[in-house]
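The residues making up each chain are set out below.
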Amino acid sequence: MFPQPLEKRSSGFNLGYKIALPIALFFWLLPLLAIFMTSIRPVADIATGNVFGIPSKFQFIENYREVFAKTDALQYLINTLLISLPTMVLSVGIACLTGYALAIYKFRWALPLFFLFVAGNFVPFQILMLPVVNISVKLDMMNTVPGLVMFHSAFQAGFCTLFMRNFIKDLPFELIESARLEGVGEFQIFWRLVLPLVKPAIAALCVLIFTFIWNDFFWATVLIQEDSRLPITVGVRTLNGEFVQQWHLISAASLLAAMPPVLLFFLMQKHFIAGLTLGATKG
Amino acid sequence: MTASAADLTGKFDTSSKQVGVAAAILAVCTLILVFVIDTSLVQEVLGLARAFDARVPTFFIRVAILIVALGAALYLVTGLSYYKRNKLAVTPWLFLAIGLGLFMLYVIVPIFQSISYSFTKWDGLYDINGDWTGEWVGLHNYKLLMSDPNFYTSLKNNILWLLLYMLAVPIGLFIALFLNQTVRGIRIYKSLFFFPFVISQVVVGLIFVWAYNPQFGLLSEFWSWFFCDNKVNIVGNLTRVCSVEPPSILGNEHTATYGIIAAGLWPQIAYCMILYLTGLNNVSPDQVEAGQLDGARGWKMLWHVVLPQLKPATFIAVVVTVIGALRSFDMIATMTQGGPFGSTNVLAYYMYDQAVGEGVGRYGYGSAIATVLFLIMLLYISYFLYRMYQDEKEGH
């Protein structure tokens, strides 16, 4: 293990480490802590310069209630859910199919197509922007939530396919071969044999995609203009323009936007990290 | 013998009943999709007022019928004798169909469309007959780019982003080394350190806008510890008097980009840290012990024994950092919108601004900027694919 484990160090070092840890964490999360404190203080505090001290009054419930009362925050949150949940289901579902095809079948196009998915996943969004707007207009889906979902699912299929294909590739191939020898159909093999084995990958992908889409800002600004359909990320930015200098409300709204992915991360930590660090341990 | 031969021929025959039923369903679905469903019809049936409202229900009906059609097509194909004889060659394409189709439609084809737009002058509109209103101008847009000072600012900023964003990799490694211990509660610490990555970039941007605020931000608070005094003015209010005024980082065209990059580093460092933590988990203890026997300690051990084993993690960290740097958009959009005086533009934001920003609709010019950005990214993508190809050759 590197660096040297604490047990092998002096007791002074141990003590120092245990003190340094919370201090480092405090400074690392200071911006977040500060904005949380702002979100629970009365507006008067900010005007009088009490920005970092103890709030003169704790207005946790009042401030957050005000955000919901004065803005469409609730609608924005619902919209974000309506965008991210279907995208999650669609893109992960598609990737199970494509990943299976690219990992199991040895045909000439398997590797080129896999690389096509990988490469497409990395392109800058701007090169897709105008044609995607045109497609959405032609399909009569511009400015709608399904239109955004369709695009997100198609785009995320690239990343999901990369993930799924590598995961399925690591399964023992003998399993599939012996099933084939027994005369099990190809679709049966996929449904009965492979799908139950890739459950961990599905879980990891779902958490990741949900977070990615929840945090998406660019595509929502491009594909949706109607205010009542905007997701929370765009909504929060709009609020920033409306509530000039009302920092207690802006910070409360920002934290609301950040909360769901954070909760999801804490609940599904193992899957989340497994997804993100795919490939970090082997070439 | 003859019986089994008959079995075999029966096995590979086209089952006409299956194909017939599937073809009928497919035909009906296609008919509905092409001719019957349109927005105005759904509007009438459901009694919706505006064309706008009808689009979503129409969409779901279309998707439902499309799924039935796809199922029918699948059923049809599997009934054909051709499929039965060439199972292993045909099946992967059936599995790929939906994903590849969508990916082509929304990702691969648009890349080429965008490149072709970059040779035109177009404001994004079609005339009343649905005809394209642009005109072909050859390399004109690229010539314009060459003499556009904003383009050079954006390019310079992109390079700045790339270089400074790379700091996330060593800092991430440093924090990972710091946290790679086993004390009580270390798992909680690790996940709390990872926190900033989970938060949307828009929110990170807003947090830092506030942190940089020269009147009451986090930074001005630190500033006032050194340069300011609180005094009571004539009316009795507490005011702050500073010997040197706190800087307005985002308001100054020389510092704004650095301010945004620093904000962007926060989540990116967290990402690199988690990559390295996972990598460190898999560092072989035997080699570390062997290194110790050879007298390697501290930096030497890190450089010669541990870092080579962390190579895969470093590779992924560099790749995601490069992509993050070139994709930087959300932060700029929330923190400065390219200002002050266009000094924080990067190619991604400048393209957006030119193509759909207020009052400008320069699709052709915007596409030219996007193409340049794409070509830069293509360098990295090619390198990444090359590395993957090497691994594939070795691995399988």
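Residues numbered from 1 in each chain as written. Chains lettered and ligands numbered in written order. Predicted model: local features only at pLDDT ≥ 70, side-chain atom pairs only at ≥ 80, totals over all residues. Heavy atoms only, no water.

Visitor: Would you take a moment to explain the overall build of chain B for this structure?
Guide: Within chain B one finds 19 helices and four strands. A burial count over chain B gives 47% of its 396 residues as buried. Counting contacts in chain B only where the partners sit at least 6 residues apart, residues at least 24 apart contribute 63% of the total. Of the roughly 20,300 Å² that chain B leaves accessible, carbon and sulfur atoms contribute 65%. (Helix = DSSP H or I, 4+ residues; strand = E, 2+ residues; numbered from the N terminus. Buried < 20%, exposed > 50% of the residue type's maximum accessible area, 1.4 Å probe, protein only. Contact = heavy atoms within 4.5 Å. Areas by Shrake-Rupley, 256 points an atom, 1.4 Å probe, with all protein chains shown as cover.)

Visitor: Teacher, can you tell me more about empty space enclosed by the protein here?
Guide: Gaps left between atoms are located by rolling a probe of water-molecule size over the structure's atoms. All names here are of chain A. For the structure on display, the rule yields one cavity of 30 Å³ or more. Roughly 30 Å³ of internal volume is contained in the largest cavity. What lines the largest cavity is T80, I83, L148, H152, I213, D216, A220 and P231. Those elements that place two or more of their residues in the lining of the largest cavity are α5 (73-104) and α8 (145-169). Along the lines of polarity and charge, the residues of the lining of the largest cavity split into five nonpolar, two polar and one charged. (1 Å grid on protein atoms, 1.4 Å probe; cavity = no way out; pocket = protein on both sides within 12 Å on 5 of 7 lines; lining within 4 Å. Points joined across faces, edges and corners; volume = space filled by probe spheres on them. Nonpolar A, V, L, I, M, F, W, Y, C, P; charged D, E, K, R; others polar.)

Visitor: How should I be thinking about the domain arrangement of chain B in this particular structure?
Guide: Often, the extent of an interface is quoted as the loss of accessible area upon association of its parts. The domain architecture assigned to chain B consists of domain 1 (14-121) and domain 2 (148-214 + 249-361). Of note, the centres of domain 1 of chain B and domain 2 of chain B, computed from C-alpha atoms alone, are 41 Å apart. (Domains from an automatic or database assignment.)

Visitor: Looking at this structure, how should I read the interface of chain A and chain B?
Guide: Contacts between the two partners involve 112 residues from chain A, matched on the other side by 118 residues from chain B. Across the chain A/chain B interface, buried area totals approximately 10,700 Å², and carbon plus sulfur atoms make up 77% of it. Between chain A and chain B we count one salt bridge in total. For R165 of chain A, the salt bridge is made with E392 of chain B, and the minimal N-O distance between the two is 2.9 Å. (Buried area = accessible area lost by both parts, 1.4 Å probe. Salt bridge = Lys/Arg side-chain N within 4 Å of Asp/Glu carboxyl O.)

Visitor: Quick question: what am I supposed to make of the domain arrangement of chain A here?
Guide: Residues and elements named next belong to chain A. In terms of domain boundaries, chain A breaks down into domain 1 (6-69) and domain 2 (71-276). Summarising the inter-unit geometry, the C-alpha centres of domain 1 and domain 2 are found 33 Å apart. With 13 residues of domain 1 at the contact, the number on the domain 2 side is twelve residues. Taking both partners together, domain 1 and domain 2 bury about 1,200 Å²; carbon and sulfur atoms supply 76% of that area. Our count for the contact surface shared by domain 1 and domain 2 stands at zero salt bridges. For the interface between domain 1 and domain 2, the tally reads one residue pair in polar contact (both at pLDDT 80 or more). Secondary structure elements with two or more residues in the side of domain 1 that touches domain 2: α2 (30-39), α3 (43-47) and α4 (60-70). Here the side of domain 1 that touches domain 2 gets six residues from one element, more than from any other, and that element is α4. (Polar contact = N/O pair within 3.5 Å; in protein donor to acceptor, adjacent residues only side chain to side chain.)

Visitor: Is there a simple way to think about the nonpolar core in this case?
Guide: Side chains of nonpolar character tend, in soluble globular proteins, to be buried together. Grouped together as the largest cluster of nonpolar side chains are 217 residues, with contacts concentrated most on L128 and W219 of chain A together with Y106 and F194 of chain B. The leading source of residues in this core is helix α13 (residues 256-281) of chain B, at 15 residues. Each residue touching W219 of chain A, except ones within four places of it in the same chain, is listed here: F125, L128, M129, V132, L148, F151, H152 and I224 of chain A. (Core = buried A, V, L, I, M, F, W, Y, C linked by side-chain atoms within 4.5 Å.)

Visitor: Would you mind showing me how to read the pattern of salt bridges here?
Guide: As a working rule, side chains carrying opposite charge can pair if their charged atoms are close by. Residues and elements named next belong to chain A. This structure, assessed with the given rule, holds three salt bridges over all chains. In this structure, R180 and E186 form a salt bridge, with 3.0 Å as the shortest nitrogen-oxygen distance. Residue E186 is classed as buried on the basis of its relative accessible area, which comes to 4%.

Visitor: Where do I start with the environment of N143 of chain A in this structure?
Guide: Relative to the assigned elements, N143 of chain A resides in the loop between α7 (126-138) and α8. Each C-alpha atom of the pair N143 of chain A and I189 of chain A lies 40 Å from the other, and the pair is 46 residues apart in sequence.

Visitor: Any chance you could explain α13 of chain B here in plain terms?
Guide: In an α-helix, one full turn covers 3.6 residues, which means residues spaced three or four apart are oriented alike. The end-to-end C-alpha distance of α13 of chain B, which contains 26 residues, comes to 38 Å, matching closely the 38 Å that a straight helix rising 1.5 Å per residue would cover. Counted residue by residue, α13 of chain B has 23 buried out of 26 residues, so it is predominantly covered. (Expected span 1.5 Å × (residues − 1).)

Visitor: When you look at unusual backbone geometry in this model, what are you seeing that I'm missing?
Guide: In most cases, non-glycine residues show a negative phi, while peptide bonds are predominantly trans. Positive phi, normally seen in glycine, also occurs at N143 of chain A, with a value near 70 degrees. Positive phi, close to 50 degrees, is recorded for Q337 of chain B, a residue that is not glycine. Relative to the helices and strands, Q337 of chain B resides in the loop between α17 (330-335) and α18 (347-356).

Visitor: Just checking my understanding: could you explain the layout of surface pockets for this structure?
Guide: The computed volume of the second largest pocket comes to approximately 1,300 Å³. Listed by contribution, the elements that provide at least two residues to the lining of the second largest pocket are α5 and α8 of chain A together with α4 (51-79) and α6 (87-117) of chain B. Considering every element that reaches the lining of the second largest pocket, the biggest residue donor is α4 of chain B, with eleven residues. Of the residues that constitute the lining of the second largest pocket, the class distribution is 29 nonpolar, five polar and two charged.

Visitor: What am I meant to see in the side chain of H248 of chain A here?
Guide: Topologically, H248 of chain A is positioned in helix α14 (residues 247-267). The contact partners of H248 of chain A, leaving out residues within four places of it in the chain, are T38, S39, R41, V43, I46, N63 and E66 of chain A.

Visitor: What should I look at first to understand the environment of S114 of chain B in this one?
Guide: The topology assignment puts S114 of chain B in helix α6. A residue is classified by how much of its surface remains accessible, and S114 of chain B, at 1% relative accessible area, is buried. Each C-alpha atom, one on S114 of chain B and one on L70 of chain B, is 30 Å from the other, the two residues being 44 residues apart in sequence. Here S114 of chain B is in contact with Q126, I127, L128 and P131 of chain A together with S367 and T371 of chain B, once residues within four sequence places are set aside.

Visitor: Could you clarify how one ought to interpret the side chain of N158 of chain B in this entry?
Guide: Residue and element names in this part refer to chain B. Its location among the elements puts N158 in helix α8 (residues 149-165). Assessed through its relative accessible area of 2%, N158 is described here as buried. Separated by 2.9 Å, the side chain of N158 and the backbone nitrogen of L347 make a polar contact. For N158, the contacting residues outside a window of four places in its chain are A325, L326, V346 and L347.

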